[in-house]
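What follows is the residue order along each chain.
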Amino acid sequence: MNMAADPALQIRPVSTIDEFHEAELLQKEVWGIPDMDVVPMYHLVAAKESGGVILGAFDREEMVGFVYGFVGFERGRTVHHSHMLAVREAYRSQGLGYQLKCEQRSSILDQGIEIMTWTFDPLQSRNAFFNFRKLGVIADRYYTDLYGSDAASFLHRNGTDRLWVSWHVAGERVSRRLSGEERFEPGGKAISLVSIDASGKPSSNEPASLDEIDRLNIEIPGDISAIEIADPPLARRWRLSTRAAFMAALDARFLVEDFYVYDRAGQKIGCYVLTKNEDLRFW
């Protein structure tokens, strides 16, 4: 499958032992994880043979990215859980992550699976935009330190809280997002559970009740990774503030439905949109 603008870039199933070993090496390169935390070739091969999907992005014969997921069972239905997506840094401006995800979607549709799930750090604005705005995922689950409080990767300096998202790959909403037909325009009255103040710190709002509210916002910084390096205590405040907001909202049966970014007084801000929308409820 040749989906990239550069004809030298190809996306196809990972099939040889050497290619599976390349996927091992990419995990270490992209995430800086030690050998003990690498998903090994033996596991990847077994997962693929039992219905999992592992696709590689290749620059001629060199693997420069991959996506990997396995068959799961959630809420009484067979799903595909997408566990890893990695793209080498030099290739991240070419849309390979999006193309890998779309090919993964096609693969599981061929298997008759209509729901894909995965996790991501809700403080990562770029990932949130990719997942909600471009792909059209939704979420109603939040996990505190899902992979422990002190993960090995350099990407996890601030715990491993995760949103568990669901991508209804056969749904009309997802098809409209992928085709660019559906445009989100934030509007109407909403309550912000967390907002960014003028100094870049989280400001929390705790309504007495969420029962009569239909829409919530949760703001996050545009670049939490830079804050984690420059000011770890502030990054921790962001983690705790947003954790409390997400958990309160999801407990009140709100659904994380969308995400957008904007500038306010020179600050780049990401904003989650949460709604009580029964039409978008899970299965």
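Positions within a chain are numbered from 1, following the residues in the order the chain's sequence is written. Reporting in this predicted model follows two pLDDT cut-offs: at least 70 for local features of residues, and 80 or more for side-chain atom pairs to be given and counted; totals over whole chains, interfaces and linings ignore these cut-offs and use all residues. The side-chain quantities take in all heavy atoms of the structure and omit both hydrogens and water.

Helix and strand definitions here come from DSSP, where helices need a minimum of 4 consecutive H or I residues and strands a minimum of 2 consecutive E residues; each element is numbered from the N-terminal end. Check the secondary structure of the chain and you find 7 helices and 12 strands. The reference for a compact globule is 2.2 Å times residues^0.38; the radius of gyration itself is calculated from the C-alpha atoms. For 283 residues, the compact-globule formula gives about 19 Å, and the C-alpha radius of gyration of the chain, at 19 Å, lands near that figure. Structurally, the chain occupies a C-alpha span of about 55 × 40 × 35 Å along its principal axes. Residues classed as buried in the chain amount to 51% of the 283 residues present. Categorising residues by exposure relies on relative accessible area from a 1.4 Å probe, with only protein chains included: less than 20% of the type maximum marks a residue as buried, more than 50% marks it as exposed, and the intermediate range marks it as partly exposed.

With that settled, the discussion passes to the pattern of salt bridges. Basic side-chain nitrogens of Lys or Arg form a salt bridge, by our definition, when they fall within 4 Å of a carboxyl oxygen of Asp or Glu. The full count for this structure, using the stated rule, is 14 salt bridges. Close ionic contact of Glu29 with Arg88 constitutes a salt bridge, the shortest N to O distance being 2.9 Å. Linking Glu29 in helix α1 (residues 17–31) with Arg88 in the loop between β4 (77–87) and α3 (96–110), this pair joins segments that are 59 residues apart in sequence. Each of the salt bridges in this network shares a partner with another, and the network as a whole consists of Glu29, Glu62 and Arg88.

A large share of strand β12 (residues 267–275) lies buried, amounting to 8 of its 9 residues. As paired elements, strand β10 (residues 215–221) and β12 share 7 bridges and run antiparallel to each other. Within β12, the residue paired with Arg215 across the bridge is Thr275. The rule for pairing is simple: two strands pair if DSSP sees at least two bridges between them. Hairpin remark: strand β11 (residues 255–264) followed by β12, antiparallel, with 2 residues in the connecting loop; positive phi at Ala265, about 50°.

Structurally, Thr160 can be placed in the loop between β6 (138–143) and β7 (162–168). It is 19 Å that separates the C-alpha atoms of Thr160 and Ala230, two residues lying 70 residues apart in sequence. Looking at Thr160, its side chain comes within polar contact range of the main-chain nitrogen of Tyr147, at 2.9 Å. Polar side-chain contacts of Thr160 include one of 2.6 Å to the backbone oxygen of Gly148. Each polar contact in these results corresponds to two N or O atoms within 3.5 Å; when the atoms are within protein, one needs to be able to donate a hydrogen and the other to accept it, and residues that are neighboring in sequence are counted only if both atoms are side-chain atoms.

Side-chain atoms within 4.5 Å link the members of a nonpolar core, which is a set of buried Ala, Val, Leu, Ile, Met, Phe, Trp, Tyr and Cys residues. With 52 residues, the main nonpolar core has Phe132, Leu163, Val256, Tyr272 and Leu274 as its most contacted residues. The contact definition used throughout considers only heavy atoms, calling two residues in contact when any of these lie within 4.5 Å. Setting aside chain neighbours within four positions, we find Leu163 in contact with Trp118, Thr119, Phe120, Pro122, Phe132, Ala139, Arg141, Tyr142, Phe246, Val256 and Tyr272.

Let's shift gears to the packing of aromatic side chains. Each aromatic ring pair is characterised by the separation of its centres together with the angle its planes make. Any Phe, Tyr or Trp ring, taking Trp's six-membered ring, that has another such ring centre within 6.5 Å forms a pair; planes under 30 degrees apart are called stacked, those over 60 apart edge-to-face, and the others tilted. All chains considered together, the criterion is met by 9 aromatic pairs. With centroids separated by 5.6 Å and ring planes inclined at 55°, the aromatic side chains of Tyr143 and Trp164 adopt a geometry described as tilted. Of this pair, Tyr143 sits in strand β6 while Trp164 sits in strand β7, placing them 21 residues apart in sequence. Consider the rings of Tyr260 and Tyr262, whose centres lie 5.7 Å apart with planes at 25°: the pair is stacked. You can call Tyr262 partly exposed: its relative accessible area is 24%. Grouped by ring-pair contacts, the aromatic residues Phe120, Phe132, Tyr142, Phe246, Phe259 and Tyr272 constitute a single cluster. Geometrically, a lysine NZ or arginine CZ counts as sitting over a ring once it is within 6 Å of the ring centre and also within 35 degrees of the ring normal. Across from the ring centre of Trp118, 3.8 Å away, lies the NZ or CZ of Lys101, which sits over that ring. Lying across the ring of Tyr98, Lys134 places its NZ or CZ 4.7 Å from the centre.

Confidence of the prediction at every residue is given by pLDDT, a number between 0 and 100. On average, residues of the chain score 91 in pLDDT, and 92% of them are at 70 or above. The secondary-structure element of the chain with the lowest mean pLDDT is helix α5 (residues 172–179), recorded at 92, while strand β5 (residues 115–120) shows the highest, at 98.

With that settled, the discussion passes to the packing of helix α4 (residues 125–135) against α5. Here, axes are lines fitted to C-alpha atoms. For helices the fit covers the stretch in contact, and angles between N-to-C directions go from 0 to 180 degrees. α5 packs onto α4 with a crossing angle of 105° between their chain directions and a minimal axis gap of 8 Å. Taken as axis vectors, α4 and α5 run roughly perpendicular relative to one another. Side by side, α4 and α5 meet where Phe132, Arg133, Lys134 and Leu135 of the first sit next to Val174, Arg177 and Leu178 of the second. Three residue categories are used. Nonpolar comprises Ala, Val, Leu, Ile, Met, Phe, Trp, Tyr, Cys and Pro, charged comprises Asp, Glu, Lys and Arg, and polar comprises the others, including Gly. Here the contact of α4 with α5 is built from residues that sort into 4 nonpolar, no polar and 3 charged. What sets the label is the angle itself: under 35 degrees gives roughly parallel, over 145 gives roughly antiparallel, 65 to 115 gives roughly perpendicular, and the rest give oblique.

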